[in-house]
There are 2 protein chains.
Amino acid sequence: MRLTAQTDYALRMLMHLAVNSDRWVTISEIAERFDISKNHLMKIAQTLVARKVVQSLRGRGGGLRLARPANAIHVGEIARPLEAASVLVECFPGGANECLITPSCKLKGVLREAQAAFYDVLDQYSIADLVGGNQGLEALLAEVAA
Amino acid sequence: MRLTAQTDYALRMLMHLAVNSDRWVTISEIAERFDISKNHLMKIAQTLVARKVVQSLRGRGGGLRLARPANAIHVGEIARPLEAASVLVECFPGGANECLITPSCKLKGVLREAQAAFYDVLDQYSIADLVGGNQGLEALLAEVAA
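Conventions used here
Residues numbered from 1 in each chain as written. Chains lettered and ligands numbered in written order. Predicted model: local features only at pLDDT ≥ 70, side-chain atom pairs only at ≥ 80, totals over all residues. Heavy atoms only, no water. Helix = DSSP H or I, 4+ residues; strand = E, 2+ residues; numbered from the N terminus. Buried < 20%, exposed > 50% of the residue type's maximum accessible area, 1.4 Å probe, protein only. Contact = heavy atoms within 4.5 Å. Areas by Shrake-Rupley, 256 points an atom, 1.4 Å probe, with all protein chains shown as cover. Least-squares fit on C-alpha atoms with pLDDT ≥ 70 in both. Core = buried A, V, L, I, M, F, W, Y, C linked by side-chain atoms within 4.5 Å.

Colleague: Lay out the overall build of chain A with the relevant residues and their values.
Modeller: Each helix and strand counted, chain A has 7 helices and 2 strands in total. For chain A, the sequential pattern of α-helices and β-strands runs α-α-α-β-β-α-α-α-α. Each principal axis of the C-alpha atoms in chain A carries an extent, and together these give about 60 × 30 × 25 Å. For chain A, the proportion of its 146 residues judged to be buried stands at 49%. Within chain A, contacts between residues at least 6 apart in sequence are counted, and of these 64% link residues at least 24 apart. Carbon and sulfur atoms make up 50% of the accessible area of chain A, which amounts to about 7,100 Å² in all.

Structure follows, in structure tokens:
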């Protein structure tokens, strides 16, 4: 059971933006801090901008910041669409379904119920829950003095 | 969010054995029925035999059958160990953890809670729940007349 790197990186990006909510943060900074490819992060940022989770400002002094307060961005709403292309098993929508028993398989429904329970938990937590009162995280992600 | 093929195939194997619980079923039959590699199924069968979920009888007329009634084999107990090597995100035990914020990250705990909710649902269903009263499945998996 594995989440995509997209979801993992998107959540790290949002935590970083939440800790540094007083300024515009560049993608280069996030890429360096987490040792993640800048290209990969740019694609994720585009997705988050399109979903109105993140704002971007072009040019010198620009960068990314949260488009909403961190307590109004929930982990589930980030993970669900980013995981949409990653099918739990091949018979799920979007999968290369070649399973003989699909028409009569009750396992599909059980797995769907389990997946819903997984996202229900993620819906209960906001980005603010992850960073609030977390001084260790703040120290790790704060702006590095020039 | 993706399960491993191992879990998918193990559950298909167990449903097939449950539908055909009156006889020993060969791995070749399961491989043909689901169009899955025989080698892959042999490894899964070995794991299930070691876990005392499946019995095997060598030689002519032999094969596999459930080691317990289908209502005493739950989906969660099959999925959990087969998914153990597939880490949800890289900071989970067994992952190639290179994430800077691991020491102070609260997301880990949230993901662990969500994963537990996923398996809790799977623990509520047995193989018997998947095949019982399912005539469509029985028709698809019944022995083919010689």
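Structure's up, so let's keep going.
Colleague: Run through helix H2 (residues 27-34) of chain A, naming residues and quoting values.
Modeller: Residues and elements named next belong to chain A. In terms of residue burial, H2 counts as a mostly covered element, since 6 of its 8 residues are buried. Taken residue by residue, H2 has Ile 27, Glu 29, Ile 30, Ala 31, Arg 33 and Phe 34 as its buried positions. Where the residues of H2 are buried, they touch helix H1 (5-19), helix H3 (38-50), strand E2 (63-66) and helix H7 (135-141). One or two positions beyond H2, positive phi appears at Asp 35, with a value near 55 degrees.

Colleague: Describe the relation of the copies chain A and chain B, with residues and values.
Modeller: Both copies of the chain are related through a single rotation about an axis accompanied by a shift along the same axis. Mapping chain A onto chain B is achieved by rotating through 180 degrees and translating by 0.0 Å along the same axis, at an RMSD of 0.0 Å. Such a turn and shift between the copies fits a two-fold axis. Most of the interface of chain A is mirrored in chain B: 100% of its interface residues are interface residues there too.

Colleague: Now, about the nonpolar core: what can you tell me, with residues and values included?
Modeller: Within the largest apolar cluster, 103 residues are counted, with the highest numbers of intra-cluster contacts made by Phe118(A) and Phe118(B). Not counting residues up to four positions away in its chain, the partners in contact with Phe118(B) are Met1(A), Leu88(A), Leu111(A), Ala114(A), Gln115(A), Phe118(A), Met1(B) and Leu3(B).

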